[in-house]
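# Coordinate inspection notes
Chain residues, written in single-letter form:
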Amino acid sequence: MVLLIWVWFSTGYQIANDIVKVKAGPFKKTINIQEINKISQRKSVCTAAALATDRLVIQEI
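Just so it is clear, the structure is predicted and the values come from calculations on it, not from any experiment.

How each quantity is defined
- Residues numbered from 1 in each chain as written.
- Predicted model: local features only at pLDDT ≥ 70, side-chain atom pairs only at ≥ 80, totals over all residues.
- Heavy atoms only, no water.
- Helix = DSSP H or I, 4+ residues; strand = E, 2+ residues; numbered from the N terminus.
- Buried < 20%, exposed > 50% of the residue type's maximum accessible area, 1.4 Å probe, protein only.
- Contact = heavy atoms within 4.5 Å.
- Areas by Shrake-Rupley, 256 points an atom, 1.4 Å probe, with all protein chains shown as cover.
- Pairing = 2+ DSSP bridges.

## Here we look at the overall build of the chain
Counting secondary structure elements, the chain contains one helix and five strands. Mapped from its N terminus to its C terminus, the chain presents α and β elements in the order α-β-β-β-β-β. Taken over 61 residues, the chain has a buried fraction of 15%. Contacts spanning at least 24 positions in sequence make up 19% of the contacts within the chain whose residues lie at least 6 apart. When the accessible surface of the chain is split by element, carbon and sulfur atoms take 59% of a total near 5000 Å².

## Thoughts on the side chain of Ser40
Of note, Ser40 is situated in strand E4 (residues 36-43). Once residues lying within four places of it in the same chain are set aside, the contact partners of Ser40 are Arg55, Leu56 and Val57.

## Examining the environment of Lys43
Tracing the backbone through its elements, the reader meets Lys43 in strand E4. Classification of Lys43 by relative accessible area gives exposed; the value is 67%.

## Re the pairing of strand E1 (residues 12-16)
Across five bridges, the pairing between E1 and strand E2 (residues 19-24) is antiparallel. Residue pairing in the sheet places Ala16 in a bridge with Ile19 of E2. Connecting E1 to the antiparallel partner E2 that follows it, the hairpin turn spans two residues, and Asn17 within it adopts a positive phi of roughly 55°.

The structure is reproduced here in structure tokens:
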């Protein structure tokens, strides 16, 4: 339960200096914008860590 609340209230995205920083509770990921191969829209809860069902999926090189 604590993990769910932590993820719910601390999910965020930040773009700075050609880097996308993704944070969802204890989970963190950085993506270099130059390494993005494709961005697609999905409506699935299994695609990635996100709170909404309308999601953008980033595929890296």
